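Residue-level structural notes
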Amino acid sequence: MNEAIRPGAENPPQALEHPVLEPGSGVPELSVVIPTFNERDNVAVLYRRLEATLSGISWEIIFVDDNSPDGTSEAVRRLAQQDSRVRCIRRIGRRGLSGACIEGILASSAPYAAVMDADLQHDETQLPNMLSLLRSGQAELVVGSRYIEGYRAEGFNKQRAGASALATEVAKQMLQVKVADPMSGFFMIRRDRFEQLAPKLSVHGFKILLDLVATARGELRTVEVPYTFGARQHGESKLDSMVALDFLGLVLAKLTNDAVSLRFLLFAMVGSIGLVVHLATLFVVLEIFKAPFAEAQASGAIVAMTSNFILNNFLTYRDQRLKGLAILRGLIAFYLVCSVGLFANVGVAFSVYDQEPIWWLAGAAGALMGVVWNYAMSGLFVWRKR
Ligand code: GDD
Ligand code: MN
């Protein structure tokens, strides 16, 4: 065992901060964290490549699998049975790239952690170089960048490259991020620095590196190394057009110091669409079907609540989308939540109007009360986290 890491009275805890770890000491110096979702056919290939590249380094690999239906975790377990440096954190009932990376890094005990895709798009031969940049103290974070000299985008289609470039520009301007490729999913970081930042990171979405850099506010010594973004081997990308929303949410949260959540804004936006739907239905039922006002108003409310539910299920809560029978149960819960919300709305509006008979102030206060209530209760009873 290495002298520097043997615990004992003469070795105070500070001595553990930058231990020199040698291969064979049994203690990893580098944890490679690999988030996986449906990557069964990639993990063994990646493992072999990493093993070849990292010879001479004391390493471990932590796969963080969100219970992939294709059996990725079994494929990892087979590797782990042959090599104890490999393990799998299997998360049940949860999804999310950022959260998976955070858990993986925090589960490691190595002083350095790398994050990379499982699909062989990231060039693992960069890892030793990245590690020496951290070891030497030149950097606290090393980013594998696709945008600086030496970059060739093999795995990128035109649209994707365009969208990614636009998002990168927005991030750089709005969050004052200096990194050339803050959207990269390939980086290595000192674990102690990561731990300081971890409590402030968002577990939702894809943009863990951007989140890290933005949260550190320039306090993270960063070096970028260019690499070739390869083509995905097996399986398909999990990024869809909705990542644009994730991205927006992250920028918003960072700009407002987490005061404004994208989910709430989306919920409120869907609520305003609901108002339009309500009025349109009211008009149609009154004017075309010539129904009495009470029935028309009730139909408007039901149609609006239903369309709000559908929109929220697809947009606001897309990461926890209800499916199958759960949709019906959710819809009924949503009706109940909104009905109580309506009482809250009217109650608040009345009491404000009592104090100050200004119709728009009372109306707005009531509406705000309603949306806050509906949002809070929907999160508890309709799209609750399992
Ligand atoms: N555990 C877990 N949970 N892993 C996930 C999830 C999830 O919900 N979604 C995706 N992954 C894993 C994939 O299995 C893969 O190993 C890695 O995360 C990246 O996902 P891909 O689906 O391969 O993303 P990509 O190649 O299209 O996107 C790349 O570029 C993005 C920037 O444009 C990646 O490098 C991203 O990390 C990067 O943000
Ligand atoms: Mn990929």
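Here, every reference points to the structure presented above.
Below, the structure is looked at part by part. What you see is a predicted model, and the numbers here were worked out from it, not measured in a lab.

Quick notes on the rules
- Residues numbered from 1 in each chain as written.
- Chains lettered and ligands numbered in written order.
- Predicted model: local features only at pLDDT ≥ 70, side-chain atom pairs only at ≥ 80, totals over all residues.
- Heavy atoms only, no water.
- Donors = N, O, S within 2.8 Å, 3.2 Å for Na, K, Ca; no water.
- Buried < 20%, exposed > 50% of the residue type's maximum accessible area, 1.4 Å probe, protein only.
- Helix = DSSP H or I, 4+ residues; strand = E, 2+ residues; numbered from the N terminus.
- Pairing = 2+ DSSP bridges.
- Contact = heavy atoms within 4.5 Å.
- Salt bridge = Lys/Arg side-chain N within 4 Å of Asp/Glu carboxyl O.
- Arc of directions from axis to C-beta.
- Axes fitted to C-alpha atoms, helices over the stretch in contact; angles between N-to-C directions.
- Parallel < 35°, antiparallel > 145°, perpendicular 65-115°, else oblique.
- Left-handed = near helix turned anticlockwise from the far one by under 90°.
- Nonpolar A, V, L, I, M, F, W, Y, C, P; charged D, E, K, R; others polar.
- Patch = residues over 30% accessible without salt bridge, like charges linked within 9 Å, V, L, I, M, F, W, Y side chains within 5 Å.
- Areas by Shrake-Rupley, 256 points an atom, 1.4 Å probe, with all protein chains shown as cover.
- Near = heavy atom within 4 Å.
- Polar contact = N/O pair within 3.5 Å; in protein donor to acceptor, adjacent residues only side chain to side chain.

Here the manganese ion (ligand 2) is held by the protein donor atoms Asp117 (OD), Asp119 (OD) and Gln121 (OE1), which lie 2.0 to 2.6 Å from it. Donor residues for the manganese ion (ligand 2), ordered by position in the chain, follow D-x1-D-x1-Q.

Of the two faces of strand β6 (residues 187-190), the one lined by Phe187 and Ile189 and the one lined by Met188 and Arg190 are each fully buried. As paired strands, strand β4 (residues 112-115) and β6 are joined by 4 bridges and run antiparallel to one another. What sits directly across from Val115, in β6, is Phe187. Pairing between strand β5 (residues 141-145) and β6: 3 bridges, direction antiparallel. Counted as the bridge partner of Val143 is Phe187 from β6.

With respect to the helices and strands, the residue Ser98 is situated in helix α3 (residues 97-106). Ser98 sits in the buried class, given a relative accessible area of 1%. When sequence neighbours within four positions are dropped, the list of residues in contact with Ser98 reads Ser202, Val203, His204, Gly205, Phe206, Lys207 and Ile208.

Quick look at the pattern of salt bridges now. Think of it this way: side chains of opposite charge can pair up when their charged atoms draw near. All told, the structure shown has 18 salt bridges when counted by the stated rule. The closest approach of N and O atoms between Asp66 and Arg91, which form a salt bridge, is 2.7 Å. Here Asp66, found in the loop between β2 (59-65) and α2 (72-82), pairs with Arg91, found in the loop between β3 (86-90) and α3; they are 25 residues apart in sequence, far enough to count as distant. Owing to a relative accessible area of 3%, Arg91 belongs among the buried residues under this scheme. Between Arg146 and Asp181 there is a salt bridge, with the nearest N and O atoms lying 2.8 Å from each other. Linking Arg146 in the loop between β5 and α5 (158-175) with Asp181 in the loop between α5 and β6, this pair joins segments that are 35 residues apart in sequence.

If you check which residues of helix α1 (residues 40-53) are buried, you get Asn42, Val43, Leu46, Tyr47 and Leu50. Angularly, the buried residues of α1 cover 135° about the axis, an arc narrow enough to put them on a single face. What points out from α1, more than 90 degrees from its buried face, is the exposed set Arg48 and Ala52. At its buried positions, α1 is contacted by β1 (30-36), β2, α2, β3 and α4 (127-135).

Interhelical geometry of helix α9 (residues 262-288) versus helix α10 (residues 293-316) gives an angle of 150° and a closest axis separation of 7 Å. Classified by the angle their axes make, α9 and α10 are roughly antiparallel. Crossing handedness for the pair α9 and α10: right-handed. Here the residues of the contact of α9 with α10 are counted per class, giving 16 nonpolar, 11 polar and 1 charged.

With that out of the way, let us pick up a nonpolar patch on the surface. Among the surface-exposed residues, Phe283, Val284, Ile288 and Phe289 lie close enough to one another that they form a single nonpolar patch of about 440 Å² accessible area. Ile288 sits in the exposed class, given a relative accessible area of 58%.

Two packed helices can be described by the angle between their axes and the distance between those axes. Taken N-terminus to C-terminus, the directions of α9 and helix α12 (residues 359-382) make an angle of 120°; their axes are 10 Å apart at the nearest point. The pairing of α9 with α12 is recorded here as oblique in orientation. α12 is crossed by α9, and the crossing has right-handed handedness. Residue-level contacts link Arg263, Phe264, Phe267 and Ala268 of α9 to Val371, Val372, Asn374, Tyr375 and Ser378 of α12. Class assignment of the residues belonging to the contact of α9 with α12 gives a composition of 6 nonpolar, 2 polar and 1 charged.

Now for the site of ligand 1. In the region of ligand 1, 25 residues are neighbours, and Glu39, Gln121, Arg232, Ser237 and Lys238 sit closest. Gly96 places a polar main-chain atom, nitrogen or oxygen, 2.9 Å from an oxygen atom of ligand 1. One nitrogen or oxygen atom from the side chain of Asp117 is found 3.1 Å from an oxygen atom belonging to ligand 1. With the chains in place, 98% of the 740 Å² that ligand 1 exposes on its own is no longer accessible. Taken together, the elements giving at least two residues each to the shell around ligand 1 come down to β1 and α3. The residue inventory of the shell around ligand 1, partitioned by class, reads 9 nonpolar, 6 polar and 10 charged.

In short, geometric facts, not functional conclusions.
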